[in-house]
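Residues per chain are reported as follows:
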Amino acid sequence: MGYVAVKGGTIAIEESINRLTSERLQKGLVLDIKNIEAGLRGLIDQVMSESSLYHETLAALAIKQAEGNPEEAVFLLRAYRSTLPRKHYSKVIESEEIKVERRISASFKDIPGGQLLGATTDYTHRLLNFSLMNESEKEAQEWLSKFNEEIGHNSEKSEIISLTFPKVLDYLREEGLIAPCGNNDVEPHDVTRKSLEFPSSRSERLQILTRGQTGAVTSLAYASIRGYGAVHPTVGELRVGQLPIHISHPFELGEEEDDYYIGEVKVTEVEMLIPVAVEREYGEKDLDFEVGYGLCFGQNETKAISMSILDYSLEHPNHAFPSHNEEFVLYHIDSVESTGFISHLKMPHYVTFQSKLDSVRKTKTTSKKDEVSMVEQSL
Amino acid sequence: MKRKRRTEILINSPDELAEELAKEIEQIYLLKVVQEPENGLVMLKVRETAKKSLFYLGEVFVTECKVKIQDSIGIGIVKGDKPKLAYYLAIIDAAYGASLRETRAWTSILEEKEKELLEQKIAHNQEILKTKVSFETMDVS
């Protein structure tokens, strides 16, 4: 397909951009970035995860500019990211270091350290709360001070300094229910630096999945479970919490204690258990567990669960199912790539369409002539 | 005090702590700003737990600054858009690098702050522990 440049429409485009601004402002109210940051946590986490850039305030700005449209906000953040220098790579982050705010297991009732529900909508009634229509900042402050006061008085005194826990997977590995595996320190590939080629590496797959569009990742994982795939998963462990980030000194070799701490990022991590039949000696079959892995920025639980399902699917290629086909999954889940291509269809294609039109007209004329000559022959 | 511990205390405390320590150095020593505070990215390298391999999770937005005191170049780097804090952290890092005598007195200040942060962390953890599930097994016989 050819692309042809066209000129014209400058004044119309300028007026269209003015019109866009007027749509955002016409109700006479201006959204404060701080309000977006404070009240739209879910959307901010989604946008940071899909744009692969962690910064709540910039995500809030992108959401404001995009009038709440996530695909546009992700596009803005990805574009901005491309203007910034990459200064460092972090030290390897081990997810055991996560400072847990929420931790559950669907597989085991009793997990060491217990199940912590944290903040979740899982057990809320999905009824619209009309009292929020007129919620005031004064009421919010009152609620918060009461909440904090109750915590101070009612909690059992504990001296737990760090909410870090051993992994459920480690116990299963110790019991021999999951194959043991040692650390693999091969440097990961980076899809932002080198275009994806097939067959892909595991690091490329995980990077594309973690920055994938939430809806696309979820839909493909759902399809995989419903029958367009071969996965029957159970959540071994789901964690939400803060991961501390450290970097080494760029010029000096030093010990771990000489690293720089630069802050923490909130993430969701999922370890999915998937039972598989394994053939033993003399044709005997056993059941084993394999693990699918999901990790993404922010509290994006559905996405992290879906990522873990697709991770397993892509580790086990199967041409009978599209969800097990790496090209099908990895080429279609990126927000900027998919929405960019689909939305480019509304851009001018005048010349290419004219050429298609000419071809259709010629075909019609030729077939009419053929019809006439056939009628003449029959006479 | 080693860098990892002190940067964690300084970054998690109110910015005034780093400002106070940095101003102390600023008033006495000649500083040269090698790199003005500027924004950039740090790519996060993580280990997944299914195959224990490494992959890139995404980038975090940071502010970085470099300051020279005597022969020591200090680096201040922090998550987010915090030019002043990055500058103060760079001065403190350079001060430790140059083993300035003022840094000896900082240990007790930082340790005191660390205790406060620990208390806050314990209170925060207590808050989370309130959501711990206490299961009751139902009798189905």
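Residues numbered from 1 in each chain as written. Chains lettered and ligands numbered in written order. Predicted model: local features only at pLDDT ≥ 70, side-chain atom pairs only at ≥ 80, totals over all residues.

1. Some thoughts on the sheet that holds strand E7 (residues 285–297) of chain A
Item 1. If you walk across this open sheet you meet the 4 strands as E4-E5-E6-E7 (chain A), and the pairing is antiparallel. The open sheet terminates on both sides in strands that have one partner only, identified here as strand E4 (99–104) and E7 of chain A. Each strand of the sheet is rotated relative to its neighbour by a mean of 20°, with strand direction disregarded.
Item 2. Where E4(A) lies against strand E5 (residues 234–247) of chain A, 5 bridges are found, and the strand directions are antiparallel. Counted as the bridge partner of A:Arg103 is A:Arg239 from E5(A).
Item 3. Running at roughly 105° to strand E6 (residues 260–279) of chain A, helix H1 (residues 3–12) of chain B makes contact with E5 and E6 of chain A of the sheet. (Pairing = 2+ DSSP bridges. Helix = DSSP H or I, 4+ residues; strand = E, 2+ residues; numbered from the N terminus. Axes fitted to C-alpha atoms, helices over the stretch in contact; angles between N-to-C directions. Contact = placed C-beta atoms within 7 Å.)

2. Side note on the packing of helix H3 (residues 41–51) of chain A against helix H4 (residues 56–65) of chain A
Residues and elements named next belong to chain A.
Item 1. Direction vectors running N to C along H3 and H4 enclose 100°, while the axes themselves pass 9 Å from each other. What the angle tells us is that H3 and H4 run roughly perpendicular. Contact residues: Leu43, Ile44, Val47 and Met48 in H3; Glu56, Ala59, Ala60, Ala62 and Ile63 in H4.
Item 2. Looking at the contact of H3 with H4, its residues break down into 8 nonpolar, no polar and 1 charged. (Parallel < 35°, antiparallel > 145°, perpendicular 65-115°, else oblique. Nonpolar A, V, L, I, M, F, W, Y, C, P; charged D, E, K, R; others polar.)

3. Looking at the pairing of strand E3 (residues 72–79) of chain B
All names here are of chain B.
Item 1. When strand E2 (residues 54–69) meets E3, the two strands line up antiparallel, connected through 8 bridges. Each residue of the ladder has a partner; that of valine 62, found in E3, is lysine 79.
Item 2. Hairpin connection, E2 to E3: the antiparallel pair is bridged by 2 residues, and glutamine 70 has positive phi, about 50°.

4. Structural notes on the confidence of the model for chain B
Note that predicted coordinates carrying low pLDDT should not be read in detail.
Item 1. Confidence in the prediction of chain B, expressed as mean pLDDT, is 95, and 99% of residues score 70 or more.
Item 2. Across the whole predicted complex the pTM is 0.92, and at the interface the ipTM reaches 0.96. (pLDDT = per-residue confidence, 0-100.)

5. Points about the interface of chain A and chain B
Item 1. Taken residue by residue, the interface counts 67 residues in chain A and 50 residues in chain B.
Item 2. Elements with a contribution of two residues or more to the side of chain A that touches chain B: strand E1 (53–54), H4, strand E2 (86–89), strand E3 (93–94), helix H8 (202–210), E5, E6 and E7 of chain A.
Item 3. Of the residues in the side of chain A that touches chain B, the class split is 29 nonpolar, 20 polar and 18 charged.
Item 4. The sheet contact formed by E2(A) and strand E1 (residues 31–47) of chain B spans 3 bridges and is parallel. The residue of E1(B) that forms the bridge with A:His88 is B:Val42.

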